[in-house]
Amino acid sequence: MAESTRAPDVSPSRAALMFPTLTSTQIARIAAHGSTRQVSAGEVLFEPGVQVVPFFVVTTAELEIVRPSGDAETMVAVEGPGAFTGEANLLHGRPSFMRARVSKPGEVVELTREQLIGLIQTDAEISEIVMRAFIYRRVELIAEGLGDAVLVGSTHSAATLRIKEFLTRNGHPFAYLDLDRDADVQDLLDRFHVAAADIPVLICRGDVVLRNPTNQSIADCLGYNDTIDRTHVRDVLIVGAGPAGLAAAVYGASEGLDVLVVESNAPGGQAGLSSRIENYLGFPTGVSGQELAGRALAQAEKFGAEILVAKGATQLTCDRQPYAVQLDDGPRIAARTVVIATGAEYRRPSIPNLSRFEGAGVYYSATFMESQLCGGDEVIVVGGGNSAGQAAVFLSQSAKRVHMLVRSADLAESMSRYLIRRIEETPSIVLRTCTEIVALEGDAHLESVQWRNNRDGTVDSHDIRHVFLMTGAVPNTAWLRGCVALDPKGFVKTGSDVTRDELAAARWPVARPPHLLETTLRGVFAVGDVRGGNIKRVASAVGEGSIAISFVHRVLAES
Ligand SMILES: Cc1cc2nc3c(=O)[nH]c(=O)nc-3n(C[C@H](O)[C@H](O)[C@H](O)COP(=O)(O)OP(=O)(O)OC[C@H]3O[C@@H](n4cnc5c(N)ncnc54)[C@H](O)[C@@H]3O)c2cc1C
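Fair warning: this is a prediction, and the values are worked out from it, not measured in the lab. (Residues numbered from 1 in each chain as written. Predicted model: local features only at pLDDT ≥ 70, side-chain atom pairs only at ≥ 80, totals over all residues. Heavy atoms only, no water.)

Trainee: So what's going on with the sheet that holds strand E9 (residues 149–153)? Which residues, and what values?
Mentor: The strands that make up a sheet pair up through hydrogen bonds in the backbone, lying either parallel or antiparallel. Ordered in space as E10-E9-E11-E12, the 4 strands form an open sheet in which the pairing is mixed. Here the strands that pair on one side only, and so sit at the sheet edges, are strand E10 (175–178) and strand E12 (208–211). Averaged over neighbouring strand pairs, the angle between their axes works out to 20 degrees when direction is ignored. Here 4 bridges tie E9 to strand E11 (residues 201–204), and the two strands are oriented antiparallel to one another. Directly across from valine 150, in E11, lies its bridge partner isoleucine 203. Running at roughly 155 degrees to E9, helix H6 (residues 158–169) makes contact with E9, E10 and E11 of the sheet. (Pairing = 2+ DSSP bridges. Helix = DSSP H or I, 4+ residues; strand = E, 2+ residues; numbered from the N terminus. Axes fitted to C-alpha atoms, helices over the stretch in contact; angles between N-to-C directions. Contact = heavy atoms within 4.5 Å.)

Take a look at the structure:
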């Protein structure tokens, strides 16, 4: 079968990755999971906005994949024999962005989403072809901003940055219009009767206008969670979709467990905030946290794990079995076992005016998005750990100068040697030891920063508009409210760290001691950064997430 798909404006090498051609043997294997049907010219196979669309493989017909906008249509691809429809949303169970219409009559193979998931779990060769195409198609949609969301915002607004981060970290393609730079924006706002004071605005699925929406309402409008059943009792409920939670989801689902993950923001956790992780096994040239999270999410979903996004756990009901986790939008989800993977979040140092400038000059992550906001300006990075070192090195590629402020006298104790060497070898990074920020000043945006040299007590003021705070983290355990024993710093105690007295106080119900990673509640595990004694690395989070699942099996077998 020659060229099966024609996609306008895509290079041949890229098109080959996005639109591979299946052989007749492969098509026959796929057909065994679904059904074949005749289609006639002009027939619409699916429309944008439909929550779960089928998966089609073309045998003898031809399909046009188009993106409708009002009365107009943009041609995305023409798919002939050997081609197949779909992209990442089909896997996520989220609404389609496209319309598929038959341009030449003939035969297609049709699979439901469940049949497709069954196929990719059992046929490694087809799984690789389909998964790779779905991921490349999504990458292209993101690059072209071809989704079902238009964000109208301003570079100077913290809420705009929050929404951009939320959509980006969820891998959602969107178009961005900047009120300060884009001349056509006013027309669009008038069309939807939006006043400039309502900015940022998200135009969702073409017609719903959300004014300064919360992440939760964006997730609801874009249909992120609509297909997920919250009523049945899960084998394992994983709270948090950072590296630890995603690893637990991949191993749990791949080993046949009924897995639900609950994530208060977007998959990826702290790792998703990193521009480049260089010490994670298997990625010699480094990998961005976003890329790692996107792949892990696709892998978890491929094995059948379900992920509720922008839904935070507010309480664990631990006085009865099955356990239940209360979500911030109301319902409780029941599960026989729970994996706590809520990680940690950045400590906010006590600097006057800090909250006023968060997102408007003060940032807690250093990804491509924040670096764009800084242009070629001078920036400050605060902190002496690996994340601060990474941020300084990354920002030095675009910033005029990076001032690295640390309270200690050197970096040796807190940072990996490879990063210290990079910092020393980068002329545009100025390391300022024994130094801390004492004041932030500005109006709508940060304009200047005062720092103090603690050796001699001198305070200097600098016209610097961007500060990256990377000063350690505190565990996200407030939602556990006394259900499990915590160490003095608030991290969850597990395994042999749990004392006899703590077990007695928790009325530990079985003769055996807690498993490795098991808390003072039988069948409730803690993994990753939230766990006391954990080494704060992506690899240890991933390791613990996967190990916990083997103990989940043992607990399920006990009951
Ligand atoms: C900027 C940066 C760079 C880093 N670089 C590296 C590196 O190069 N190499 C390395 O090994 N490590 C690095 N780290 C450390 C590494 O990212 C962490 O150790 C790792 O992410 C911990 O994973 P985790 O899954 O345990 O927790 P987290 O990554 O913190 O994920 C926890 C998740 O739980 C969610 N959550 C929290 N509370 C709730 C709730 N109540 N309900 C539902 N969900 C909730 C959060 O939104 C989050 O998504 C870096 C960290 C940062 C911040």
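Trainee: Please set out a negative patch on the surface residue by residue, giving values where relevant.
Mentor: A surface patch of like charges, here negative, comprises Asp182, Asp184, Asp187 and Asp190. Structurally, aspartate 190 is set in helix H7 (residues 185–191). (Patch = residues over 30% accessible without salt bridge, like charges linked within 9 Å, V, L, I, M, F, W, Y side chains within 5 Å. Areas by Shrake-Rupley, 256 points an atom, 1.4 Å probe, with all protein chains shown as cover. Salt bridge = Lys/Arg side-chain N within 4 Å of Asp/Glu carboxyl O. Lys, Arg positive; Asp, Glu negative; His and termini not counted. Charge placed at Lys NZ, Arg CZ, Asp CG, Glu CD.)

Trainee: So, the state of the cysteines: which residues are in play, and what are the values?
Mentor: Scanning the model with the defined rule gives 2 disulfides in all. At a sulfur-sulfur separation of 1.9 Å, the disulfide partner of cysteine 204 is cysteine 221. Of note, the bridge from cysteine 204 to cysteine 221 carries an S-S torsion of about -115 degrees and is left-handed in sense. With a gap of 17 residues between them, cysteine 204 in strand E11 and cysteine 221 in helix H8 (residues 215–221) connect regions that are remote in the sequence. Classification of cysteine 221 by relative accessible area gives buried; the value is 13%. Note that cysteine 318 is cross-linked by a disulfide to cysteine 483, the S-S spacing being 2.0 Å. Disulfide cysteine 318 to cysteine 483: torsion about the S-S bond roughly -85 degrees, handedness left-handed. Remark: cysteine 483 occurs in the loop between strand E28 (473–475) and helix H15 (500–505) and cysteine 318 occurs in the loop between strand E16 (313–317) and strand E17 (323–327); sequence separation between them is 165 residues. Relative accessible area serves as the criterion here: at 24%, cysteine 318 is assigned to the partly exposed category. A residue is classified by how much of its surface remains accessible, and cysteine 483, at 11% relative accessible area, is buried. (Disulfide = S-S within 2.5 Å. Buried < 20%, exposed > 50% of the residue type's maximum accessible area, 1.4 Å probe, protein only.)

Trainee: Residues and numbers for the packing of aromatic side chains, please.
Mentor: Two numbers describe a pair of aromatic rings. These are the distance of the centres and the angle of the planes. Throughout the structure, instances matching the rule amount to 8 aromatic pairs. Relative to phenylalanine 134, the ring of phenylalanine 55 lies with its centre 6.3 Å away and its plane at 70 degrees, an arrangement referred to as edge-to-face. Residue phenylalanine 55 is found in strand E4 (residues 55–58), and its partner phenylalanine 134 is found in helix H5 (residues 124–144); the two are separated by 79 residues along the sequence. Residues phenylalanine 55 and phenylalanine 134 agree in their burial class; the two are buried. Relative to phenylalanine 468, the ring of tyrosine 363 has its centre 5.0 Å away and its plane inclined at 40 degrees; by these criteria the two rings are tilted. In this pair, tyrosine 363 sits in strand E20 (residues 362–363) while phenylalanine 468 sits in strand E27 (residues 467–469), placing the two residues 105 residues apart along the sequence. (Phe/Tyr/Trp six-rings, centres within 6.5 Å; stacked < 30°, edge-to-face > 60°.)

Trainee: Outline the site of the ligand, supporting the account with residue identities and numerical values.
Mentor: Lining the immediate environment of the ligand, one finds 33 residues, of which Glu263, Gln270, Asn279, Gln390 and Asp529 sit closest. Here glycine 269 contributes a backbone N or O atom positioned 3.5 Å from an oxygen atom of the ligand. Take valine 538: an N or O atom from its main chain is 2.9 Å from an oxygen atom of the ligand. With the chains in place, 92% of the 1,000 Å² that the ligand exposes on its own is no longer accessible. (Near = heavy atom within 4 Å. Polar contact = N/O pair within 3.5 Å; in protein donor to acceptor, adjacent residues only side chain to side chain.)

Trainee: Give a description of unusual backbone geometry that names residues and reports values.
Mentor: With omega at 0 degrees, the peptide bond leading from isoleucine 199 into proline 200 counts as cis. Along the chain, the position of proline 200 falls in the loop between H7 and E11. Looking along the chain, the bond that leaves glutamine 321 and enters proline 322 is cis, with omega of -5 degrees. Summarising the element assignment, proline 322 is placed in the loop between E16 and E17. Non-glycine residue alanine 310 carries a positive phi angle of around 60 degrees. Inspection of the secondary structure puts alanine 310 in the loop between strand E15 (306–309) and E16. Overall, alanine 310 belongs to the buried group, its relative accessible area being 3%. Unusually for a residue other than glycine, cysteine 434 sits at a positive phi of about 50 degrees. Here cysteine 434 is to be found in the loop between strand E23 (429–432) and strand E24 (435–442). With relative accessibility at 12%, the residue cysteine 434 sits in the buried group.

Read these as geometric descriptors, not functional statements.
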